Amino acid sequence: MTSSFCMSAATEPGVPLVPRTWGPGKALPFSIVVCLFFVFLPTALPAQQHFNGGKAYEYARDFAALGPRWPTGPGHVKAEQFLKNHFQHDQLEDDAFTANTPIGPVLLHNFIVRFPGKKDGVIVIGSHYETNYPLRTINFVGANDGAATTGLLMAIADQLRGKKLEGYSVWFVFFDGEEAFEHWSASDSTFGSRHLAAKWSSDGTARRIKAFILADMIGDKDLDIQRETRSTGWLVDLVRQAAKKFGDERYFFQKEEAVDDDHLPFVERGVPSIDIIDLDYGPNNAYHHSVQDTMDKVSARSLAIDGDVFMETIRLINQR
Ligand SMILES: [Zn+2]
């Protein structure tokens with residue numbers, strides 16, 4: 001309808017789209033103003049609707065500024081307080097539990113924030129927020145590894161707050177204890193997700209989860225998200241479709257790799273799950289788990305791409 005209106009105005013014999021007589025001080029004919037409005041509308045609107053990557057970046061920067069967040073350390077307590085303060089007016093659950101780790105029993109805290117929807121079922125969006133215990137001796141703030149995705153989830157939550165969601169409920173999980181306490185193994189990693197997947201499996205919650213979407217290390221300026229091979233196929237397809245909508249396919253799934261991460265305890269229990277991860281961070285992965293993992297390696301633009309794709313993926317899951 002829009003284009004045919006403009007076509008007819010533009011192709012009307014003897015009526016040029018912008019008359020030669022038009023100049024400063026002369027108003028454009030009303031029909032042309034209307035037409036220009038419609039011509040520019042389709043390109044102008046999506047730009048306004050882009051996800052606020054700048055806000056996600058600010059959250060991440062503030063979170064990383066708390067310092068290293070290794071379990072049992074003072075920065076971890078600050079991180080817990082930060083999340084509790086931020087979500088104090090939302091449905092926040094402090095899922096505290098004691099993990100049996102190589103350094104002994106450690107009290108960990110997953111944080112769950114629930115936004116109720118009208119449809120029966122839940123979309124879970126997760127990320128881990130702590131930093132590595134073995135890296136407590138260096139100033140490792142995990143700007144990309146923990147902080148960026150915490151900021152991303154907070155900014156996505158901003159989009160959902162205060163609305164009755166038409167689709168499924170959306171729950172955010174800020175996982176604790178993803179990183180190994182000594183050396184990564186099946187028993188020394190993913191403490192928070194293993195605990196929560198087991199709990200939600202036994203109380204029946206897991207059956208209600210339509211999709212589990214994990215975000216990890218996707219604030220990287222040089223964004224190249226891999227296709228994690230144990231992620232659920234239809235969810236991978238949906239994320240790819242979402243990326244395509246924004247012309248962002250090139251950042252997604254150009255290479256395949258299996259990654260052990262917080263999605264696996266959910267995959268093992270039959271919950272449709274995807275790990276959206278960029279495990280290629282700096283030259284030869286040099287920034288990963290190093291003091292170089294700082295906010296200057298993270299970009300608002302990458303977080304905007306993530307946010308666009310996450311929001312669109314939520315929409316597509318609701319339509320499915
Ligand atoms: Zn890590």
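Engineer: Help me out: how do you make sense of the sheet that holds strand 1 (residues 91-101) in this one?
Structural biologist: Within a sheet, adjacent strands bond to each other through the backbone by hydrogen bonds, running parallel or antiparallel. Read from one edge of the open sheet, 8 strands run 1-2-4-3-5-8-6-7, paired in mixed fashion. This sheet does not close on itself; its edge strands, each paired only once, are strand 1 and strand 7 (252-257). The sheet shows a mean angle of 25° between the axes of neighbouring strands, taken without regard to direction. Taken together, the 5 bridges between strand 5 (residues 209-216) and strand 8 (residues 273-277) define a ladder with parallel strand orientation. If you follow Phe212 over to strand 8, its bridge partner there is Ser273. Lying over the sheet, helix 4 (residues 74-86) contacts strand 1, strand 2 (104-115) and strand 4 (165-175), oriented at roughly 20° with respect to strand 2.

Engineer: Could you clarify how one ought to interpret the coordination of the zinc ion in this entry?
Structural biologist: Put simply, the ideal angle at a metal is 109.5 degrees for four donors in tetrahedral geometry and 90 or 180 degrees for six donors in octahedral geometry. Donor atoms from the polypeptide that bind the zinc ion are Asp145 (OD), Glu179 (OE) and His289 (NE2), placed at 1.9 to 2.1 Å. Here the donor residues of the zinc ion share one chain and are spaced in sequence as D-x33-E-x109-H. Placement of Asp145 in helix 5 (residues 143-160) and of Glu179 in the loop between strand 4 and helix 6 (191-202) is noted, with a sequence separation of 34 residues between them.

Engineer: What exactly am I supposed to notice about the environment of Thr150 here?
Structural biologist: Relative to the assigned elements, Thr150 resides in helix 5. Here Thr150 falls in the buried class, since its relative accessible area comes to 0%. C-alpha separation for the pair Thr150 and Asp216, spaced 66 residues apart in sequence, amounts to 9.3 Å.

Engineer: Mind showing me how you'd approach the packing of helix 3 (residues 53-64) against helix 10 (residues 300-319) here?
Structural biologist: Contact pair helix 3 / helix 10: the axes reach a minimum separation of 7 Å and the direction vectors enclose 115°. Regarding helix 3 and helix 10, the two cross each other, and that crossing is right-handed. Two secondary-structure elements touch here, helix 3 through Gly53, Gly54, Ala56 and Tyr57 and helix 10 through Ala300, Leu303 and Ala304. By residue class, the composition of the contact of helix 3 with helix 10 is 5 nonpolar, 2 polar and no charged.

Engineer: Before we go on, may I ask you to explain the side chain of Asp224 in this structure?
Structural biologist: Considering the arrangement of structural elements, one finds Asp224 in the loop between strand 5 and strand 6 (225-228). By relative accessible area, Asp224 is classed as buried at 19%. Leave out the neighbours within four places in its chain, and Asp224 touches Tyr251, Lys255, Ile277, Asp278 and Asp280.

Engineer: Just checking my understanding: could you explain the packing of aromatic side chains for this structure?
Structural biologist: Given two aromatic rings, their pairing is described by the distance between the two centres and the angle made by the two planes. On inspection of all chains with the given rule, the structure shows 14 aromatic pairs. The interplanar angle of 50° and the centroid separation of 5.9 Å between the aromatic rings of Phe111 and Tyr129 together place this pair among those described as tilted. Of the two residues, Phe111 sits in strand 2 while Tyr129 sits in the loop between strand 3 (117-128) and helix 5, which places them 18 residues apart along the sequence. With respect to class, Phe111 is no different from Tyr129; both count as buried. Ring centres of Trp200 and Phe266 lie 6.4 Å apart, and the angle between their planes is 65°; this geometry places the pair in the edge-to-face category. Within this pair, whereas Trp200 is found in helix 6, its partner Phe266 is found in helix 9 (residues 264-267), the two being separated by 66 residues in sequence. Under the relative-accessibility criterion, Trp200 is labelled buried at 2%.

What counts, and at which threshold
- Residues numbered from 1 in each chain as written.
- Predicted model: local features only at pLDDT ≥ 70, side-chain atom pairs only at ≥ 80, totals over all residues.
- Heavy atoms only, no water.
- Pairing = 2+ DSSP bridges.
- Helix = DSSP H or I, 4+ residues; strand = E, 2+ residues; numbered from the N terminus.
- Axes fitted to C-alpha atoms, helices over the stretch in contact; angles between N-to-C directions.
- Contact = heavy atoms within 4.5 Å.
- Donors = N, O, S within 2.8 Å, 3.2 Å for Na, K, Ca; no water.
- Buried < 20%, exposed > 50% of the residue type's maximum accessible area, 1.4 Å probe, protein only.
- Left-handed = near helix turned anticlockwise from the far one by under 90°.
- Nonpolar A, V, L, I, M, F, W, Y, C, P; charged D, E, K, R; others polar.
- Phe/Tyr/Trp six-rings, centres within 6.5 Å; stacked < 30°, edge-to-face > 60°.

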